[in-house]
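Remarks on the overall topology
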Amino acid sequence: MGQKTVRFSDLSGELITRDDTLARIVIHEHPELGDSPVEIEALADEAAVIEKSALRVAVVEVFLPGEEEPRRVTMDAAAFDKLASDKPMSELLLTARPAKPARRARAAAAAAPATTRGISYDTLEHAGEPHKGRITEAERELVRDHLDAINERLAKQDIRTIDPKDPEHISRYGLTGLAVAKAAQGD
């Protein structure tokens, strides 16, 4: 006896009959969303509508005098562009200086382990997972010392594994010595 898996679009409830029509949608921010991203499945055509409906927005933080925390604001990009009256926003953005993290954020980042949305990548439980934060020496060391175990965990979670031959991974995780050793073994 065999089993057959049937998938339905989480958006429309329509049957998804072919894998090449299945789209994965990860929701990072929504007024009804909790603390962490969630994912849903939909038909590729439904996902394409999302992209076509995308809004051009500017996400800014406003640091007001006398307030310790900035206010994060998302607004229509065209409305934000109109705020620049001296010269066009595109020119203003090209000549603007890079943002510095707030003093408080810099101090906290230096003292705390690398985290994104409350996840510490300086642990075996999460080391090697893709993330936008900086790779700390502690995470690099975990990846170098436990690469096989970490790759096994990543594969079980359907997350990309760390390839010791991939130049980006070699640089990101400091795998130069490991890459040379693997090449010498013929792996």
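Values in this document were obtained by computation on a predicted structure and should not be read as measured data. (Residues numbered from 1 in each chain as written. Predicted model: local features only at pLDDT ≥ 70, side-chain atom pairs only at ≥ 80, totals over all residues. Heavy atoms only, no water.)

**Some details on the overall build of the chain**
A count of helices and strands for the chain gives eight helices and eight strands. Buried residues in the chain amount to 22% of all 187 residues. Put simply, of all contacts in the chain between residues at least 6 apart along the chain, 31% involve residues at least 24 apart. Accessible surface, the chain as shown: approximately 14,300 Å² in total, 53% of it carbon and sulfur. (Helix = DSSP H or I, 4+ residues; strand = E, 2+ residues; numbered from the N terminus. Buried < 20%, exposed > 50% of the residue type's maximum accessible area, 1.4 Å probe, protein only. Contact = heavy atoms within 4.5 Å. Areas by Shrake-Rupley, 256 points an atom, 1.4 Å probe, with all protein chains shown as cover.)

**So, the pattern of salt bridges**
If charged atoms from side chains of opposite charge come close, those side chains can pair. In the structure shown here, the tally under the stated rule is nine salt bridges. Note that Asp-20 and Arg-18 form a salt bridge whose closest N and O atoms lie 2.9 Å from each other. Taking relative accessible area as the criterion, Arg-18 reaches 48% and is therefore assigned partly exposed. Members of the salt-bridge network, linked through shared partners, are Glu-137, Arg-140 and Arg-144. (Salt bridge = Lys/Arg side-chain N within 4 Å of Asp/Glu carboxyl O.)

**Looking at the nonpolar core**
General note: in soluble globular proteins, nonpolar side chains tend to be found buried as a group. Within the largest apolar cluster, eleven residues are counted, these being Ala-127, Ile-135, Leu-142, Val-143, Leu-147, Ile-150, Leu-154, Ile-162, Ile-170, Tyr-173 and Leu-175. Per-element accounting of this core gives the leading share, three residues, to helix α6 (residues 147-156). With residues near it in sequence (within four places) discarded, Val-143 still touches Ala-127, Gly-128, Ile-150, Ile-162, Tyr-173 and Leu-175. Judged by nonpolar contacts, the second largest core, of five residues, contains Ile-25, Ile-40, Ala-42 and Ala-47. (Core = buried A, V, L, I, M, F, W, Y, C linked by side-chain atoms within 4.5 Å.)

**A look at a nonpolar patch on the surface**
Judged by side-chain polarity, Val-6, Phe-8 and Leu-15 come together as a nonpolar surface patch covering roughly 280 Å² of accessible area. Inspection of the secondary structure assignment puts Phe-8 in strand β1 (residues 7-8). (Patch = residues over 30% accessible without salt bridge, like charges linked within 9 Å, V, L, I, M, F, W, Y side chains within 5 Å.)

**Quick word on α6**
Three or more residues of α6 are buried, namely Leu-147, Ile-150, Asn-151, Arg-153 and Leu-154. The arc that holds every buried residue of α6, seen down its axis, measures 160°, which confines them to one face. Opposite the buried face of α6, by more than 90 degrees, sit the exposed residues Asp-148 and Lys-156. Residue Asp-158 follows α6 closely and has a positive phi angle near 55°. (Arc of directions from axis to C-beta.)

**Concerning unusual backbone geometry**
Leaving glycine aside, a negative phi is the common case for residues, and trans is the common case for peptide bonds. The residue Asp-158 is not glycine, and still its phi comes out positive at about 55°. In this fold, Asp-158 is placed in the loop between α6 and α7 (167-173).

**So, the side chain of Ser-120**
Its location among the elements puts Ser-120 in strand β8 (residues 119-120). Among the polar contacts made by the side chain of Ser-120, one reaches the main-chain amide nitrogen of Asp-122 at a distance of 3.4 Å. (Polar contact = N/O pair within 3.5 Å; in protein donor to acceptor, adjacent residues only side chain to side chain.)

**Let's talk about the environment of Ser-120**
The exposure class assigned to Ser-120 is buried, which follows from its relative accessible area of 19%. Distance in space between the C-alpha atoms of Ser-120 and Glu-139 is 9.3 Å, their sequence separation being 19 residues.

**Observations concerning helix α5 (residues 137-145)**
Among the residues of α5, Glu-139, Leu-142 and Val-143 are the ones counted as buried. Buried positions in α5, seen along its axis, are confined to an arc of 95° and lie on one side of it. On its buried face, α5 is in contact with α6 and α7.

**Some details on the environment of Ala-78**
Its location among the elements puts Ala-78 in helix α2 (residues 77-82). We classify Ala-78 as partly exposed; its relative accessible area is 41%. Distance in space between the C-alpha atoms of Ala-78 and Arg-56 is 7.8 Å, their sequence separation being 22 residues.

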